[in-house]
Number of protein chains: 4
Amino acid sequence: MARNGNSGAPELMVLMRSTASSDEVDHIVGLIQESGAGAHVDQSGEATVIGVIGQRAQIAALPFESLPGVERVVPLRKGFKWVSREYLDRDTVIDICGRKVGGRHFAMMAGPCAVESYEQTLQAAKDVKAAGGTLLRGGAFKPRSSPYAFQGLGVRGLEILSAVGQETGLPVATELMDARDLEPVLEHIDLIWIGARNMANFNLLSELGRVRKPVMLKRGMSATVEELLMAAEYVAKEGNEDIILCERGIRTFERSTRFTLDLSAVPVLKRETHLPVLVDPSHGTGKNFMVTPLARAGVAVGADGLIVEVHDQPEHALSDGAQALTLDQYEQLVTEVRTIHEVISPVSV
Amino acid sequence: MARNGNSGAPELMVLMRSTASSDEVDHIVGLIQESGAGAHVDQSGEATVIGVIGQRAQIAALPFESLPGVERVVPLRKGFKWVSREYLDRDTVIDICGRKVGGRHFAMMAGPCAVESYEQTLQAAKDVKAAGGTLLRGGAFKPRSSPYAFQGLGVRGLEILSAVGQETGLPVATELMDARDLEPVLEHIDLIWIGARNMANFNLLSELGRVRKPVMLKRGMSATVEELLMAAEYVAKEGNEDIILCERGIRTFERSTRFTLDLSAVPVLKRETHLPVLVDPSHGTGKNFMVTPLARAGVAVGADGLIVEVHDQPEHALSDGAQALTLDQYEQLVTEVRTIHEVISPVSV
Amino acid sequence: MARNGNSGAPELMVLMRSTASSDEVDHIVGLIQESGAGAHVDQSGEATVIGVIGQRAQIAALPFESLPGVERVVPLRKGFKWVSREYLDRDTVIDICGRKVGGRHFAMMAGPCAVESYEQTLQAAKDVKAAGGTLLRGGAFKPRSSPYAFQGLGVRGLEILSAVGQETGLPVATELMDARDLEPVLEHIDLIWIGARNMANFNLLSELGRVRKPVMLKRGMSATVEELLMAAEYVAKEGNEDIILCERGIRTFERSTRFTLDLSAVPVLKRETHLPVLVDPSHGTGKNFMVTPLARAGVAVGADGLIVEVHDQPEHALSDGAQALTLDQYEQLVTEVRTIHEVISPVSV
Amino acid sequence: MARNGNSGAPELMVLMRSTASSDEVDHIVGLIQESGAGAHVDQSGEATVIGVIGQRAQIAALPFESLPGVERVVPLRKGFKWVSREYLDRDTVIDICGRKVGGRHFAMMAGPCAVESYEQTLQAAKDVKAAGGTLLRGGAFKPRSSPYAFQGLGVRGLEILSAVGQETGLPVATELMDARDLEPVLEHIDLIWIGARNMANFNLLSELGRVRKPVMLKRGMSATVEELLMAAEYVAKEGNEDIILCERGIRTFERSTRFTLDLSAVPVLKRETHLPVLVDPSHGTGKNFMVTPLARAGVAVGADGLIVEVHDQPEHALSDGAQALTLDQYEQLVTEVRTIHEVISPVSV
């Protein structure tokens, strides 16, 4: 376990009054630690929240509700703890090199499916930025169903992304498939994502819990919403709470789309967790003509951002060209998405 | 088979020039009929389209392309014919007692899940109308998984809907489950819908093909998009082309929602058929807090309307109260939906 | 409601001792009726079981446990009542013109997908009988996804089945799709089945509850096991308890088979209900080469019978020929199935 | 790429006559290599098969059919090559420390879900062996949805398995989740399996392609049959052809079982690949009472073996106790399974 990790699950949380003094907080933390349990203090909101970590029986004996400064004590009932809205009832905002995601900050991540060359990636980044995109995506390691398909440029792809990021000022994001590639990814990349196929690769999730980089988890193609939250808990448990979730389509019987983009998952996730939720309409549909409608729907349903594949010559892409938007299509999409985002009022969840 | 029905499938269509004379059209129709095949003439668009019905071999001998007035001949390759956009490349607009659905006409159908009494239904209709709704829905015959659950008021429910429709001026819609109830339904109701459980009740579909009333088909919970289109073809084949389609959620492994609302189906349907497509976010999710987000997403993804359950006292509803919106929620929804509908530009499909 | 139907759901059941006298039974039935509740007496097992029908509150006041002859009182907690093993803990045996299904009686139903002619059907029946089949299946009304596909011979098909049944001595089974065809079906057919597409056609189910003919319900392609049991409850509630269930494949993401035959449903059903359960490996797979393996698996998993499509010239069948077994294949299958049925010991469920 | 790996996909195969001399084979291999393509010679069957690896265009120029000793040339059309029955039309037999799997050799793998201690594992192994089991399974690394659940004993578990294997003579199998654990797993374990959650962990698959140990791939819970075969191709491509496949249940809408065991996949796999196919009825159902029926069905449908969880005190198991068979249940199962295996004749596929 990491030295500073969240080495267990909070069993209950002590909500302090907004007027509680730091002495009152310290007193409670002291009592918790004396009992052998652990305390996790969160002061990011208006009032301090103390997560109490330990065996339920042990904790039950502590008389929190009668202590000075305590507003309320709330037991946590779900399997996921750190990531639950039950635990932190706010909208977490993730900062990726100055670009914020979550709350009312809407992320427009875009770029090519795979990094193919420096020139292609630089051009894509410039185009994405000009069109209003805020983050650059690009695959250096590509998970492909067939061992005979293009597998990505590997570390060379990471270097290209890094150089392009510096040149354009866009933070860069890429997929990590193997813990053994973690070091170069940490060196070059600003946001690490775990693809759908690795959402239940629990060792990889735990590794990412021990780094200081924002992480995005894409929902597995047969993962329930609850399993996605449990995967996030694997990361959060180790201490990394900068986690973004992403809906990208599930497997169903329907054959006219590659996956069924489950937009219902977005309001469910927003209700269950304080983490930001993005939608990927490109992989979710697999077809160019569906990306714009589903992207519009993604913002309308309440997502905190979109990840869209863009390629200036989709027909020449080495990977997944059929689903990439052209730059003109993307530019129009950004405008519409921004307008829809303004229109919708937050739904209380 | 109905005397005036579309008694076979068109195998190809002859697109006439917009300058073609009616003599030229008549000449071609005559040739087709002489050969033993059938002709279906559609003049709803700018140029006349002649559907040629018969055996492919028989038709192949006719020299359409060299005849005067002919622009182009297009063979139809899909299993569905009358309802395909291949056959009619336009947006069909359905007129329900003066309220239009399709094209740029957006339908806001709303009302209680089940008709419970005259008073409740009248109040609901007034409220729906005041909030901006355009059609009243209400179930008189209720399909319920359990034989011990409330099964609806039957014919009495139809009479209530009819009376309320006359009082408020809202067209009324209800579900038909059994061909033996067709007569009173035709007498009292303006739009007949076929529920998800009956989407593949082919006899019922054929019956509706022989009436002169708009019909709405809800997608079966395990029906593919193609099967929904084939169900519509059952209706269209008999001569009734006033058909609306409705996405209402499919069965998947996900357990946090009752069904998975498949919004991807909307752009696929809009590409494949000229018929209007509605979305039902109430049955698709089964939970109040998800209805508004999914309704917004429905309009954003390109649907031609929404069907929403509204109840002034959801906690007292005899059926499905948990998913009904309150009137305040519905009123706000109508405003947002209208704005989003303005924002989105038609996606070329 | 039918005069003699099971006009409500039993809320609890009174198990009498095996030594209870008929006077003791009558006394209890009298008390129940005086209270305004209903009583349903089942004496098919070793000891009498009295189902008590009415409001839970009303029944709760009756002091069954202290009455003479009473062994035990069991409240029924599931949504399905009459068909539950909770209610009747035995294996129901259905008699179809002398052929038994259920308990240790294994049914081998076979025949062509569709009745095409008298000659074809007679030959099929003779062949099925010679190979060891016990019931003849054949479709007179065919549910087809496309309105342009062969729809069956209708009433003429029923007459053929009836004549062939009389000539060969095999009971005959066919699918009923429409309540309006019930009369001729009752006249000609020994076992009526409801196809997957109509499993949730609740009106049709209720109709069949009011006839005196064995009924087989095929599981809907997206119906849960519980929904199949609720569909059976619709029939049983009206008084017809001669119900057979049939697993025939569900819709999943897998594309190498037409449906996914859910053999796990068999042990679940055997645990939950006393009704016999058959397996249809032909429609469940859609491919000839899979029928024999899945048929073997069906008997091994504990089903009470198999329904197999057989055609002497599969390549000339008007419907579903690709999945029909040849007669040689069927003959070998019958032998293997009988042997496997001997091998397996009943699993206590 | 591994030095001795199958470093590309065979594009076609040259079937030699059974009378071909080794000179004739060498001559063809020489021609292939001169052209710049690669040759893979398989002499495990009656006649030699030469796989030709390279670009299709390049290979097309070689005049194989006119060369002495050549029987026939077959182009390979599927995405999977090395593992396809198109490529090798035989039943591959895998040898695990003397225990054979495949062909007519039926594997009975059993043991506890997780290795908990030396004593528990030794007892389990002795019991499994006495009951007729042929391989011992036990998890040292446990993939758990919740980070707060028991995660396995890790390397200590491997050492226990190894010791128990030596004491009892049973080959031992365990799951590998992380390439970084490969070394100790190779040291202690006789059969390495990849769990459902890692079936699409392509890096891990490629690693296993480069070792000399039998590998078992469990089907991902939303993987198609074709994707399972592509995963096997990832292993085979690197040179390791000792691969066993395992069906263990897929995600569907049905809620009465944890997964839906897809037994239809077995005949499809047997038709598509020469690799052995096992069935895991324990994880596929998640419930004790279903394991025996589905195990029987697994052998009846044509699988080459079964993996069953057995625990002498299921109620005390640290992991998945609810689905484990008791030893008495397992012993009876082995007897029945062996009998059913005798009964069924090979289905030609």
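As the structure is a prediction and not an experimental result, all values here were calculated from the model.

## Quick look at the relation of the copies chain B and chain A
Here chain B sits on chain A after a turn of 180 degrees about the axis and a move of 0.0 Å along it, with an RMSD of 0.0 Å. Taken together, the turn and the small shift mark the pair as related by a two-fold rotation axis. If distances are taken from each C-alpha of chain B to the rotation axis, the shortest is found for B:Ala297, at 2.1 Å. Residue by residue, 100% of the interface of chain B is reproduced at the interface of chain A, so both copies engage with the same surface.

## Details of the environment of C:Asp127
All names here are of chain C. Relative to the elements of secondary structure, Asp127 occurs in helix α3 (residues 118–131). Sequence separation between Asp127 and Asp328 is 201 residues; the distance between their C-alpha atoms is 9.7 Å. In contact with Asp127, other than residues within four places in its own chain, are Asp312 and Leu327.

## Some details on unusual backbone geometry
Notably, B:Cys97 is not glycine yet its phi reads approximately 50 degrees, a positive angle. Looking at where B:Cys97 falls in the secondary structure, it is placed in the loop between β5 (94–96) and β6 (99–101).

## Section: the relation of the copies chain C and chain D
Aligned on chain D, chain C shows an RMSD of 0.1 Å; the corresponding rotation is 180 degrees and the shift along the axis is 0.0 Å. Both copies share a contact surface, since 100% of the interface residues of chain C are interface residues in chain D too.

## Some points on the sheet that holds strand β2 (residues 38–42) of chain C
All names here are of chain C. Pairing within the open sheet is antiparallel, and its 4 strands lie in the order β2-β3-β1-β4. Single-partner strands in this sheet number two, and they are β2 and β4 (70–75). Mean inter-strand twist for the sheet, computed between neighbouring axes without regard to direction, equals 20 degrees. Inspection of the sheet shows strand β1 (residues 10–16) paired to β4 by 5 bridges, in the antiparallel sense. Directly across from Met13, in β4, lies its bridge partner Val74. The sheet contacts of helix α1 (residues 22–34) involve β1, β2 and β3 (49–53), and relative to β2 the element is tilted by about 155 degrees.

## Focus: the pairing of strand β7 (residues 107–111) of chain D
Residue and element names in this part refer to chain D. The buried fraction of β7 is high, at 5 of 5 residues. Here β7 shows two buried faces, one formed by Ala107, Met109 and Gly111 and the other by Met108 and Ala110. Pairing of β7 with strand β14 (residues 305–309) involves 5 bridges; the strand directions are parallel. The residue of β14 that forms the bridge with Met109 is Ile307. Following the chain from β7 across helix α3 (residues 118–131) to the adjacent parallel strand β8 (residues 135–137), one finds a crossover that is right-handed.

## Quick notes on the domain arrangement of chain A
Entries for chain A in the domain assignment read domain 1 (10–75) and domain 2 (94–343). When each unit is reduced to the centre of its C-alpha atoms, the spacing between domain 1 of chain A and domain 2 of chain A is 37 Å.

## Comments concerning the interface of chain C and chain D
Taken together, the contacts link 38 residues of chain C with 38 residues of chain D. Classifying every residue of the side of chain C that touches chain D by side-chain character gives 20 nonpolar, 11 polar and 7 charged.

## Quick word on the nonpolar core
Core analysis: the biggest nonpolar cluster contains 219 residues, and A:Leu217, A:Ala232, A:Leu306, B:Leu217, B:Ala232 and B:Leu306 have the highest contact counts within it. Every residue in contact with A:Leu217, bar those within four places of it in the chain, is listed here: A:Ile194, A:Met199, A:Leu228, A:Ala231, A:Ala232, A:Ile243, A:Leu245 and A:Cys246. Judged by nonpolar contacts, the second largest core, of 217 residues, contains C:Leu269, D:Leu191, D:Met216 and D:Ala303.

Calculation criteria
- Residues numbered from 1 in each chain as written.
- Chains lettered and ligands numbered in written order.
- Predicted model: local features only at pLDDT ≥ 70, side-chain atom pairs only at ≥ 80, totals over all residues.
- Least-squares fit on C-alpha atoms with pLDDT ≥ 70 in both.
- Contact = placed C-beta atoms within 7 Å.
- Helix = DSSP H or I, 4+ residues; strand = E, 2+ residues; numbered from the N terminus.
- Pairing = 2+ DSSP bridges.
- Axes fitted to C-alpha atoms, helices over the stretch in contact; angles between N-to-C directions.
- Buried ≥ 20, exposed ≤ 12 C-beta atoms within 10 Å, placed from the backbone.
- Right-handed = clockwise from strand over helix to strand, strands pointing away.
- Domains from an automatic or database assignment.
- Nonpolar A, V, L, I, M, F, W, Y, C, P; charged D, E, K, R; others polar.
- Core = buried A, V, L, I, M, F, W, Y, C linked by C-beta atoms within 7 Å.

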